[in-house]
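# Structural description and commentary
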Amino acid sequence: MATVKNWQIGREMAYPYPETRPQRQFAAVFDLNKCIGCQTCTMACKTTWTVGKGQEYMQWNNVECKPYGGYPMGWDVRLLEKLGPQPWEGSRFAGKTIFEAAPTGERVLGFTPEELDWSYSNAGEDEAAGTLDKGAYETMPEHKLWFFYLPRICNHCTYPACLAACPRQAIYKRTEDGIVVVDQSRCRGYRECVKACPYEKVLYNPVLRISQKCIGCYPAVEQGIQPRCVTTCIGKIRLMGFLSKPEEAKADRPMDFLVHLRKVALPLYPQFGLEPNVYYIPPVSVRREFLRQLFGPGVDHAIETYLKGKDDPELLGLLHLFGDTKEIIESFRTFPASGEAAGYDKKGREIVRVPIKEPDYLRPFYDAARQVYRHNIS
Amino acid sequence: MRTRKLFVTITAVALTMAPVIVLAQQKGLTVPFVKTVIPVDPGWTGWKSAPALEVPLGPQVIAQPWALTPSITRLTMKAVHNGTWIAFRLSWKDATKNAVMYTDTFRDAVAIMVPVAKEADITMGAAGKRVLILHWKADWQEDIDKTFQDVAQLYPNAWADWYPFAPGELPYDITAWTNPEARRYLTGWVVGNPRSQPAKRTAVEEQIAEGFGTLTTSERQSAAGKGIYANGEWSVVIVRPFVTGDPNDPSWAPGRTVPASFAVWDGGKGEIGSRKGISTWIPLRLQQAGR
């Protein structure tokens, strides 16, 4: 057992392997204020990667509806129940990670989902927490009645539980980009990884009898292209990039800016101790208590920062770059004078430039070309 | 709990450090010479006269994840040879036959391990101390006895519109997928992972290892085997020639005494990989040939 530094839980923790960070770390930010649960990302990933035999049930990318949904069903609540209540002391996690809570003889505390649990990815969709009382009205800052969509992929964790659990070391983390993959020739289908991953993002293929998972679209990433689930997102809620260590964060790098500097994007269940690398901007009207369990103690600051976005031209500019190019944006800049934001590749070449505020177009009441009157449509 | 953990750790350390000591204390089994062809059949009448040894199986508590309380704790072992082939008959009681693996279920299996050279660590060998393993699996047996367990067999009511570039029609039997475009999606098969090959020559896989976690499928597969489940009991026969010319041929031969150890997995109890019941080294006294 080694001791490694996990900045998300503000302390060191036990992990079976020594701390070895990749040269660059694949990371993504998903803005949950924009996800409409259209499942385009799920279909994009499925059509690209999981259309083979034995993969019929697989959703390497899934979108579930909180509070009641989950793929597989109850993936998070079952583990939270096993862990029991675990405390935070400010930004330092004082409880047990899933490595520290591992039973005797096990590397990780986990469970194997039952087969049927994979069948209900839509259960809980649009089912709100709370009841609609007569005379109810929207309250702020927290809505009494709420639900939201949580899109999930493999988090390509810094300290993957799947990698830790495999007795054959058939899972590895790529040194060039930190993407975690299952070696298809080395895996023997023991499924310790399936049991260990707290996010249940390693899936067993019963025809090939080995396990498979999201590969971060690494063939695209190697070419400077963002993953399929990111580029096809209709709501433009996603951005993929590379995240630096906190002490090496650079203000012009999109991931660093959102995660380390503005701290508006938070990790999913940081208390599990894996240092996951997909970060979420929390949905602003959802009950804070729920959000804190999901994203940790940084929720209030994240929401406050996001709501002040209109007065934060850099944040606003960067958020506008989401979904505007399929190329990976290595650095970005905002131009307050012209009200634009631009993204650049590794060599500093401008890939994309967008207006932060759409210009206003004033159209005449009568359109002479079409010989019609324009009316306001409400 | 801490005392138990300590006890278990001490036992584990003792086991690791004393393969030779343990060997000397074991009763062992005389492996008789038979002057006949040995069929790959647990029901062969020739087994009746072969001596048996009850092999106790205990916890695997060296490599994580452990099996603190393995499901199967006794294995009945018989072995014979005819000068060219050595054959083992292994039987054990298992309340359920688990031969098909769904996403959350595992299958029954048994394995024999012998050092390639004179001796090896019980921990599936060690660096420089290679072991040969003959691993029979119930799911491979099912593939052979019935048919390859594809989606149509595992999930008879499942439906899929299409698989990209897949030839044929529903249910798109993968053995017909000879074109590279369709096979792209059968990753394990294409990269030669033995777990992912639909066609099975036999239900036994020959492997080598030099310590836990290093298990590797042998390049040459010379073993064969067959398992039958009846009346709550598995009976498995595994055969292999003494000599194949493979550099990993163990140093076994008629007239010699070689150590062997065994492992059993109860798929119905979630046993797979390192979650198994294991034995210590058992000396096998191979009778001289030709008598």
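Residues numbered from 1 in each chain as written. Chains lettered and ligands numbered in written order. Predicted model: local features only at pLDDT ≥ 70, side-chain atom pairs only at ≥ 80, totals over all residues. Heavy atoms only, no water.

### Digging into the overall build of chain A
- Of regular secondary structure, chain A possesses 10 helices and 19 strands.
- A globule of 378 residues ought to have a C-alpha radius of gyration of about 21 Å, and chain A, at 22 Å, matches this closely.
- Seen through its principal axes, chain A has C-alpha atoms that stretch 80 × 60 × 45 Å.
- Out of the 378 residues in chain A, the part that is buried amounts to 58%.
- For chain A, the proportion of contacts with a sequence separation of at least 24, taken over those separated by at least 6, is 63%.
- When the accessible surface of chain A is totalled, it reaches about 16,600 Å², and 53% of it is carbon and sulfur.
- Measuring between centres, the 49 positive side-chain charges of chain A sit 3 Å from its 45 negative side-chain charges. (Helix = DSSP H or I, 4+ residues; strand = E, 2+ residues; numbered from the N terminus. Rg over C-alpha atoms; globule rule 2.2 N^0.38 Å. Buried < 20%, exposed > 50% of the residue type's maximum accessible area, 1.4 Å probe, protein only. Contact = heavy atoms within 4.5 Å. Areas by Shrake-Rupley, 256 points an atom, 1.4 Å probe, with all protein chains shown as cover. Lys, Arg positive; Asp, Glu negative; His and termini not counted. Charge placed at Lys NZ, Arg CZ, Asp CG, Glu CD.)

### Some remarks on the confidence of the model for chain B
All names here are of chain B.
- A residue-level look at chain B finds 91% of positions with pLDDT of 70 or above and a mean pLDDT of 92.
- A low-confidence stretch, residues 16-25 stays under pLDDT 50, and its non-local contacts, those more than four residues away or across chains, total 13 contacts.
- For this predicted complex, the interface confidence comes out at an ipTM of 0.91, alongside a pTM of 0.93. (pLDDT = per-residue confidence, 0-100.)

### Some remarks on the packing of aromatic side chains
Residues and elements named next belong to chain A.
- Applying the stated rule across the entire model yields 29 aromatic pairs over all chains.
- Between Trp75 and Tyr269, the aromatic rings sit 5.7 Å apart at their centres with planes inclined by 85 degrees, giving edge-to-face as the arrangement. Remark: Tyr269 occurs in the loop between β13 (266-267) and β14 (278-281) and Trp75 occurs in helix α2 (residues 75-83); sequence separation between them is 194 residues.
- Taking relative accessible area as the criterion, Trp75 reaches 0% and is therefore assigned buried. (Phe/Tyr/Trp six-rings, centres within 6.5 Å; stacked < 30°, edge-to-face > 60°.)

### As for the interface of chain B and chain A
- Taken together, the contact between chain B and chain A spans 50 residues of the former and 37 residues of the latter.
- Three residues, Gln64, Thr103 and Arg195 of chain B, lead the burial of chain B against chain A; their summed loss comes to 20% of the area buried on that side.
- The tally of links from chain B across to chain A stands at 6 salt bridges.
- Here Glu106 of chain A ties to Arg275 of chain B by a salt bridge, and the two come within 2.6 Å at their closest N and O atoms.
- Looking at the side of chain B that touches chain A, the elements with two or more residues in it are α3 (138-145), α4 (151-154), α6 (187-190) and β7 (204-209) of chain B. (Buried area = accessible area lost by both parts, 1.4 Å probe. Salt bridge = Lys/Arg side-chain N within 4 Å of Asp/Glu carboxyl O.)

### What to know about the pairing of strand β6 (residues 131-137) of chain B
All names here are of chain B.
- Counting buried residues along β6, 7 of its 7 residues qualify, which places the element largely inside the surrounding structure.
- Alternating residues of β6 divide into Val131, Ile133, His135 and Lys137 and Leu132, Leu134 and Trp136, and every residue in both groups is buried.
- In this structure, strand β5 (residues 109-115) lies alongside β6, joined through 7 bridges in antiparallel fashion. Residue pairing in the sheet places Val114 in a bridge with Leu132 of β6.
- Bridge count between β6 and β7: 6 bridges; the pairing is antiparallel. (Pairing = 2+ DSSP bridges.)

### Notes on α3 of chain B
Residue and element names in this part refer to chain B.
- Among the 8 residues that make up α3, 6 are buried, leaving the element largely enclosed by the rest of the structure.
- Ala138, Asp139, Trp140, Gln141, Glu142 and Asp143 are the residues of α3 that are buried.
- Residues of α3 that are buried in the fold lie against β6, β7, β9 (224-230) and β10 (233-241).

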